[in-house]
Amino acid sequence: MKAIILSAGQGSRLGHLVDEQPKCLIDFNGRTLLDRQLDTLEANGVHEAVVVTGFHDDRVEEALAKRCGGPSVRTIYNPFFKVADNTGSLYMAREELAGDCLVWNGDTLVSNALMKRVVINDRSGICVTIDRKHSYDEDDMKVVEEGGRLKAIGKRLDLGTVNAESIGLLAFRAGGAERFREAIEGALRTPEGTTIWYLRVIHQLAQRSDVWTLDIQGEEWGEVDFPPDVEAARELTGRWDAARNSAAAA
C-alpha cells in the first residue's frame, strides 16, 4: 500500500503561521505535520508515499531531503494550487491512483492506533474513514451513512440527517482507486471542475455504487485549519509523544 498526501495548499485561514511556509511544515513539538504523517505511515507498514506540493514547494522539498528513514517519498507539483481545489491535486497525481492506496489530507494528524485500523481494514473498493460526535458545525465534512455504506458527504448536508464526519483519510482497494481516478478525470472536464472538492466526487460515486465507511470513533485525530487547531494539535501530539516515550522507557 502507498499513500497520497495532499499538501499543495497554503492554509490561509491560519494567518501569519503560513506566510512563508505551507501548513504541512508547521512544527508540532519538534516535528512538522508532514513528518508526523510520514512517521505514522511507516509505523503501520506503509513504506511508499507521494506528496502533492504547491505553495512553497521548495520548502517542502528541503524538509523532505532532511528526513532520515521512514517511507520512500516522491513529490508531484500541482501548479494550479491557487486556482483549483484539492480535486486538482488528485488530477495531477491521478497516475498514482492504482492498486491499494490511501488518500490523506495534508492537514490531518491521526494516531498510530487509528492508522492501524485503516490499514488492516480489508473492505474492498472505496472506504471513507469517519468519526462521530454529538453535533456538527458548518466547517465539518459531514456524512450520512447507513450500515457501513456512504449515502452522502458534504459540508452543506441537512444536519437532521447527518450522523458522522469524514476525517480526511480514504482507503482504496480492489479497483477502487481506478474507479476514483476515472471519476476525477471526468470531474475536471466539467465547467465547475476546478472549484469542487474531491469528496464531492466521492459523493457522486456513492449515488451510483457502493462506497463504504470505516468508523474509528474513540480513536484520536486532529485537523489543522484555524489558529486554535494548532494549539489543540500540539497538545494532542505532545500526549502521543509522552505515551510513546513512556512505553519505550518501560
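This report concerns the structure included in the present document. (Residues numbered from 1 in each chain as written. Predicted model: local features only at pLDDT ≥ 70, side-chain atom pairs only at ≥ 80, totals over all residues. Heavy atoms only, no water.)

## Regarding the pairing of strand E5 (residues 72-77)
So, point 1. As defined by bridge partners, strand E4 (residues 48-53) adjoins E5 across six bridges and the pair is classed as parallel. Following the sheet pairing, Val-51 is matched in E5 by Thr-75.
So, point 2. Following the chain from E4 across helix H2 (residues 57-65) to the adjacent parallel E5, one finds a crossover that is right-handed. (Pairing = 2+ DSSP bridges. Helix = DSSP H or I, 4+ residues; strand = E, 2+ residues; numbered from the N terminus. Right-handed = clockwise from strand over helix to strand, strands pointing away.)

## Points about the layout of surface pockets
So, point 1. In this model, the largest pocket occupies a volume close to 960 Å³.
So, point 2. Arg-13, Lys-23, Asp-107, Glu-223 and Asp-225 are, among the 40 residues lining the largest pocket, the residues nearest its centre.
So, point 3. Only strand E1 (2-7), helix H3 (86-92), strand E11 (164-173), helix H6 (198-206) and strand E13 (221-223) provide two or more residues apiece to the lining of the largest pocket.
So, point 4. Looking at the lining of the largest pocket, the element that brings in the most residues is E11, giving four residues.
So, point 5. A class-by-class count of the residues in the lining of the largest pocket yields 13 nonpolar, twelve polar and 15 charged.
So, point 6. Along the walls of the second largest pocket sit 13 residues, with Gly-154, Lys-155, Arg-156, Trp-197 and Arg-200 positioned nearest its centre.
So, point 7. Taken together, the elements giving at least two residues each to the lining of the second largest pocket come down to strand E10 (149-154) and H6.
So, point 8. Residue contributions to the lining of the second largest pocket peak at three residues, all from H6.
So, point 9. Considering only residue class, the lining of the second largest pocket consists of six nonpolar, three polar and four charged. (1 Å grid on protein atoms, 1.4 Å probe; cavity = no way out; pocket = protein on both sides within 12 Å on 5 of 7 lines; lining within 4 Å. Points joined across faces, edges and corners; volume = space filled by probe spheres on them. Nonpolar A, V, L, I, M, F, W, Y, C, P; charged D, E, K, R; others polar.)

## Looking at helix H5 (residues 176-187)
So, point 1. For H5, which comprises twelve residues, the first-to-last C-alpha distance of 16 Å matches the rise-based estimate of 16 Å (1.5 Å per residue) to within 8%.
So, point 2. Taken residue by residue, H5 has Gly-176, Ala-177, Phe-180, Ala-183, Ile-184 and Ala-187 as its buried positions. Here the buried residues of H5 occupy an arc of 125° about the axis, which is enough to place them on one side.
So, point 3. Looking at the buried positions of H5, the neighbouring elements they touch are H3, strand E6 (101-105), strand E8 (125-131), E11 and H6. (Expected span 1.5 Å × (residues − 1). Buried < 20%, exposed > 50% of the residue type's maximum accessible area, 1.4 Å probe, protein only. Arc of directions from axis to C-beta. Contact = heavy atoms within 4.5 Å.)

## Quick notes on unusual backbone geometry
So, point 1. Although it is not a glycine, Asn-29 sits at a positive phi angle of roughly 55°.
So, point 2. With respect to the element layout, Asn-29 can be found in the loop between strand E2 (27-28) and strand E3 (31-32).

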